[in-house]
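Observations on chain architecture
Chain by chain, the residues:
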Amino acid sequence: MVATLLRIRFRVLGNTLSRQPWQLVGFIFGALWAVGAVALIAIGLFFVGTLGLEVTRLVLIAGGSLLTLGWVLAPVFAAGIDTTLDPSRLATFPLTTTRMMVALTAAGATGIPGLATILGGLASLVAWWRWPIALAAAVICVPLGILICVVVSRTFASIAAGMTGGRRIREIVWMLAFIVLILAGPIIAGIGSLLSAASGPSNDMTALSGVLEAVSWTPLAAAWSAPADLASGAPLIAGAKLLIALATVALLWFIWHRSLSASLVAPPARGGRKVAAGKIGWFGRLPTGGTGASWARSLTYWIHDPRYLRQLITVPLVPVLVVFWARGDATNTFIAFSATFVAFVLGIVPYADVSYDGTAFGTIVATGVRGRQDRLGRMLAAATVGLPLVILTAVITIAITGDWHLAPAIIGSAIGMLLTAYGVCAVSSAYLLVPVPAAGDNPFKRVPGATFSIFLGFLAVWVLAAVLAAPEIILAIMAAVTGDVLFSWLALVVGVVLGVVFFVLGVGIGGRIFDRTAPSLLQRVRATTGS
């Protein structure tokens, strides 16, 4: 049965690739990139092996722990991981829970991330070429480390899918995990700085070694560090870490079994939020008609739908990352331009807005809403949320840096960038559809069906928006470089005027396109997995 399920999985993958040539192209490029990356890793580890046992040990502990941590976080952003062999779909098969777990583990190990992990694990064997006893131990420990990666991913995916705290709690968990992932760089750098300050400039390597030594005793890196301990003449320590790795697999398997059994018996509900009678939200506050209805509906999405809310998380995170890039220098003018970066990120969010409607898009088509009304309502909703956030970001970051003379330039470039991007999205969303999580699903879930052409479409929209907004951005940069107030006010005027012009043009052009493409969009929405 397990072999049959794997054959079905690869048959589905083959059929998908054969029907979508661009996805096949993307798959080939991804595979070639993975092979090239693994080859570079193997070459790097070979030369790492020439630097001595201690350096090799630290590198593999760090790499193994980061690899395992990546598999731990994967279920948060890709719940279900492989939706072809989804446990809820396998529940009707004559499979015991244990056999289903074996099938899911095999599927995880033979997927693209699993194969890349296996190749990376095999590449790690190259590092031990100078120590045969470590190489012999790695032949056992590396597969165990890979198994931990796959099983921990499935365990956390099962727990995330079966959380009983309700949809809102799951959304909060996903959002917090997303914030931690975005801020991983600054967090790691901050920890490193604290360790350096505590240990002194000459003891940085000692501090790092101490941290990695502690990590080597955790399930994250126990399997990856055991070969080095054996090679350094500490067989008891190596044996203890091997036991930790084995105990980790056993404990994860037990937790996964309990969680999967419970979720198959009582699958988590996907209920919506109950609204009191007579409460129609934004529909009662905004104008009536096609434009007002589209505005109210889209604004409700922006405020309540976690798939949109995850985009808004980037607003406070972008300035934090900019401060990190500026090395904490609060007077750096680069920080003051955070609002322009925020506008660049937020402005592109609705580039395939129809995708989030799902099959409810049929209601929009059935009501006969004109294309211009639909485009204007959607972009007004995005601007209702995005414009205040961009201006607030500009005011706060300018207050931090004290560059008030650049306020017109920064606000003008940010508003121009935002409105221009919305104008481009008003056109692109009348053409483009992307696979997105269904309403109520994990907002970070990867849905099958993404193709290389979709990525190219997204990249083209982003580049076009940046090119059209270039005049005000160039003027803003000139104002920052020269300090001339004239450039600053020109950036404000040009940004607002061009932003409004491109916004209006985008709504008009996108509206005409939407009138022509709405029926085909509806057909594609219904055929899109996850919608």
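Not measured: the values here are computed from a predicted model. (Residues numbered from 1 in each chain as written. Predicted model: local features only at pLDDT ≥ 70, side-chain atom pairs only at ≥ 80, totals over all residues. Heavy atoms only, no water.)

**Let's talk about the packing of aromatic side chains**
- Taken as a whole and assessed by the stated rule, the structure comprises seven aromatic pairs.
- A centroid spacing of 5.5 Å and a plane angle of 75° characterise the contact between Trp253 and Trp256, whose relative ring orientation is edge-to-face. You can see Trp253 and its partner Trp256 sitting in helix H12 (residues 235-265), three residues apart, about one turn around the helix.
- A relative accessible area of 26% means that Trp253 is categorised as partly exposed.
- On the basis of relative accessible area, Trp256 is assigned to the buried category, the value being 1%.
- Considering the side-chain rings of Phe361 and Phe514, the 5.9 Å spacing of their centres and the 85° angle between planes classify their relative orientation as edge-to-face. One end of the pair, Phe361, is in helix H18 (residues 361-367); the other, Phe514, is in helix H23 (residues 485-527), and 153 residues separate them in sequence. Residues Phe361 and Phe514 agree in their burial class; the two are buried. (Phe/Tyr/Trp six-rings, centres within 6.5 Å; stacked < 30°, edge-to-face > 60°. Helix = DSSP H or I, 4+ residues; strand = E, 2+ residues; numbered from the N terminus. Buried < 20%, exposed > 50% of the residue type's maximum accessible area, 1.4 Å probe, protein only.)

**A few points about the environment of Trp282**
- Structurally, the position occupied by Trp282 is in the loop between H12 and helix H13 (289-304).
- Since its relative accessible area comes to 25%, Trp282 is described here as partly exposed.
- Note: C-alpha distance between Trp282 and Trp295 (13 residues apart in sequence) is 8.5 Å.
- Excluding residues within four positions of it along the chain, Trp282 makes contact with Ala296, Leu299, Thr300 and Ile303. (Contact = heavy atoms within 4.5 Å.)

**A closer look at the side chain of Ser338**
- Mapped onto the fold, Ser338 is located in helix H17 (residues 338-347).
- A polar contact of 2.6 Å, which involves the side chain of Ser338, links it to the backbone oxygen of Ile335.
- Apart from residues lying up to four places away in sequence, Ser338 is in contact with Val318, Pro319, Val322, Thr393 and Thr397. (Polar contact = N/O pair within 3.5 Å; in protein donor to acceptor, adjacent residues only side chain to side chain.)

**Overview of the nonpolar core**
- The biggest cluster of nonpolar side chains holds 57 residues, and the ones touching the most others in it are Trp302, Tyr351, Val390, Ile410 and Tyr422.
- The leading source of residues in this core is helix H20 (residues 407-428), at 13 residues.
- Apart from the residues within four sequence positions on either side, Trp302 is in contact with Tyr308, Leu309, Leu312, Val349, Pro350, Ala381, Ala382 and Val385.
- One finds Trp71, Leu104, Ala109 and Val150 within the second-largest nonpolar core, a separate group that totals 13 residues. (Core = buried A, V, L, I, M, F, W, Y, C linked by side-chain atoms within 4.5 Å.)

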